[in-house]
Each structure stands twice: as C-alpha cells, then as structure tokens.
Amino acid sequence: EAGVTQSPRYAVLQEGQAVSFWCDPISGHDTLYWYQQPRDQGPQLLVYFRDEAVIDNSQLPSDRFSAVRPKGTNSTLKIQSAKQGDTATYLCASSFSGASQNTLYFGAGTRLSVL
Amino acid sequence: GDSVTQTEGLVTLTKGLPVMLNCTYQTTYSPFLFWYVQHLNEAPKLLLKSSTDNKRTEHQGFYATLHKSSSSFHLQKSSVQLSDSALYFCALRPGTGGYKVVFGSGTRLLVSP
C-alpha cells in the first residue's frame, strides 16, 4: 500500500514569494490534515478536511494561507506571500474516519526555508 | 481548549537505562491518546495509542497507560537502545465526534553508548 506522498520535498524562497505544497493521501482515507512543524517543535494543526469539506481551519493564517481538497482526494496548501516566520516543515497526514481511534499516517513533509 | 503538555524538551540517557517521558492533557471530552515517534529527517510514525482507562498498551518495548483521573499518558521503556534516539510526541484526539488531533511540543530522547 502506498503511503502519503508530498511534494516538493524542499523549497527555498525569498520573502514575498508564493509557494504551493501538494499532498496525495493514502487511498480510501477520507480525512486529510495539514500541519506546520517548526524545527524541533511539535506539529501544529493548520487545517483538516473530511472528504472535500474543510472541518477546521481556525489556525490557518487566512490572509496568506489557503488549502483546498476539491475532489476529496489530493490536497494543495498554498502560501501567497511567504514570511521568514513561515520557515518550517509542512506535514500532510491522512486517516480513515471509520477506523477505531483514527491513526494518522504522515507524509515525509516539505521543508520550507524563507530567506 | 484541548491541549497536550510535554514537560521535558530533552532527555539524555545511557543505553540500557529506563526512561519515562511525561504527557498530560486537557480536554472536556473522552480522549484518544497517541504517542508518535519521529526519527531524524523522517515523518512521525505511530508508536502507541489508547482510549481505555487504566489499561497498559505496549509496542516495540515501549508502554503507556492512560489514566483519566490524572489526565496522563506517560511513555515508558525499561531499557533504552541507541536506536530509540528520536523525537517523541504525545497527541490527543478529543472524543467529540470530530477528528482534530492536537500534538504536544515533543521530547527529544538522546541515548548514548
């Protein structure tokens, strides 16, 4: 079974540039999460979807960040105008809501550096 | 709101010694608790999970018991190995019917020879 796939693996930007991250979850997983993980810190939830619907985006900086999952499968997270404080690893995770306890399966992440 | 607290940022131990990593949580709902492990430059992977009060759960030599009375889910191992060096995260899914998962700040475990 294929795992969660993320691309790109690395991105280096100047402040003010835009970037998009792409995530392909495990087949059959209806729930998809985007987390921001600063270096040596815990993952911080940005947004999560059930199928194509946004369930919680309360921690997503809506002025610069956006996330979509139009067909309930792949998802894209976009930063419109990056800031140095956005430097972090962006993790995508998926799960199946019908499974007990809802284990998250993570992708390898995209490591973003904003100069 | 729902939250997870991990009090140790860094734990350093010699191989063969026991370890306990602390995790406490806050939620008003019936919780699901998880421990994830993240090795260097890898994705976090599930280590343990539980939603049953006072029942020990074990995997790969690690074990933890959910105690709802003290809101704790500490991770333990009786004898650490060099390969256990990693970042360990405690995570909470409040049993609200939603699927939000909140992570603690993590504890880095360094095991020396």
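Summarised in this report is the structure supplied together with it.

In this section: the layout of surface pockets. Considered as a void within the structure, the largest pocket measures approximately 520 Å³ in volume. Along the walls of the largest pocket sit 24 residues, with Arg39(A), Asp40(A), Thr89(A), Arg111(A) and Asn41(B) positioned nearest its centre. Secondary-structure elements contributing two or more residues to the lining of the largest pocket are β9 (88-95) and β11 (110-114) of chain A. Sort the elements by how many residues they give to the lining of the largest pocket and β11(A) lands first, with four residues. Taken together, the residues of the lining of the largest pocket sort by class into eight nonpolar, 10 polar and six charged. The space that makes up the second largest pocket amounts to roughly 220 Å³. Residue lining of the second largest pocket: 14 residues in total, with Pro43(A), Gln44(A), Leu45(A), Gln59(A) and Val102(B) positioned closest to the centre. Of all the elements in the fold, those that place two or more residues in the lining of the second largest pocket are β5 (44-50) of chain A together with β11 (102-103) of chain B. Residue contributions to the lining of the second largest pocket peak at three residues, all from β5(A). Looking at the lining of the second largest pocket residue by residue, the class counts come to six nonpolar, seven polar and one charged.

Residues and elements named next belong to chain A. Spatially, the four strands line up as an open sheet ordered β1-β3-β8-β7, and their pairing is antiparallel. Every other strand in the sheet has two partners, leaving β1 (5-7) and β7 (65-68) as the edge strands with one partner each. Strand-to-strand twist across the sheet, computed as the mean angle between neighbouring axes with direction ignored, equals 15°.

Time to look at the nonpolar core. One finds Leu33(B), Trp35(B), Leu47(B), Leu75(B), Tyr88(B) and Leu109(B) to be the most contacted residues of the largest nonpolar core, which totals 24 residues. In terms of residue count, strand β10 (residues 86-94) of chain B provides more of this core than any other element does, four residues in total. Residues contacting Leu75(B), with those up to four places away along its chain left out, are Val19(B), Met20(B), Leu21(B), Trp35(B), Leu47(B), Leu48(B), Phe62(B), Tyr63(B), Ala64(B) and Tyr88(B). In terms of nonpolar packing, the next biggest core, distinct from the first, is built from 23 residues, Val4(A), Val19(A), Leu46(A) and Leu112(A) among them.

Taken together, the 24 residues of chain A in the interface contact 22 residues of chain B. When chain A packs against chain B, close to 1800 Å² is buried across both sides, 52% of that on carbon and sulfur atoms. For the pair chain A and chain B, the number of links is two salt bridges. For Asp40(A), the salt bridge identified is with Arg108(B), shortest N-O distance 2.7 Å. For the pair chain A and chain B, the interface holds 10 residue pairs in polar contact (both at pLDDT 80 or more). Elements represented by at least two residues in the side of chain A that touches chain B include exactly β4 (31-37) and β5 of chain A. Among the elements that line the side of chain A that touches chain B, the one with the most residues is β4(A), at four residues. Residue composition of the side of chain A that touches chain B, grouped by class: nine nonpolar, 10 polar and five charged.

Scoring rules and cut-offs
Residues numbered from 1 in each chain as written. Chains lettered and ligands numbered in written order. Predicted model: local features only at pLDDT ≥ 70, side-chain atom pairs only at ≥ 80, totals over all residues. Heavy atoms only, no water. 1 Å grid on protein atoms, 1.4 Å probe; cavity = no way out; pocket = protein on both sides within 12 Å on 5 of 7 lines; lining within 4 Å. Points joined across faces, edges and corners; volume = space filled by probe spheres on them. Helix = DSSP H or I, 4+ residues; strand = E, 2+ residues; numbered from the N terminus. Nonpolar A, V, L, I, M, F, W, Y, C, P; charged D, E, K, R; others polar. Pairing = 2+ DSSP bridges. Axes fitted to C-alpha atoms, helices over the stretch in contact; angles between N-to-C directions. Core = buried A, V, L, I, M, F, W, Y, C linked by side-chain atoms within 4.5 Å. Buried < 20%, exposed > 50% of the residue type's maximum accessible area, 1.4 Å probe, protein only. Contact = heavy atoms within 4.5 Å. Buried area = accessible area lost by both parts, 1.4 Å probe. Salt bridge = Lys/Arg side-chain N within 4 Å of Asp/Glu carboxyl O. Polar contact = N/O pair within 3.5 Å; in protein donor to acceptor, adjacent residues only side chain to side chain.

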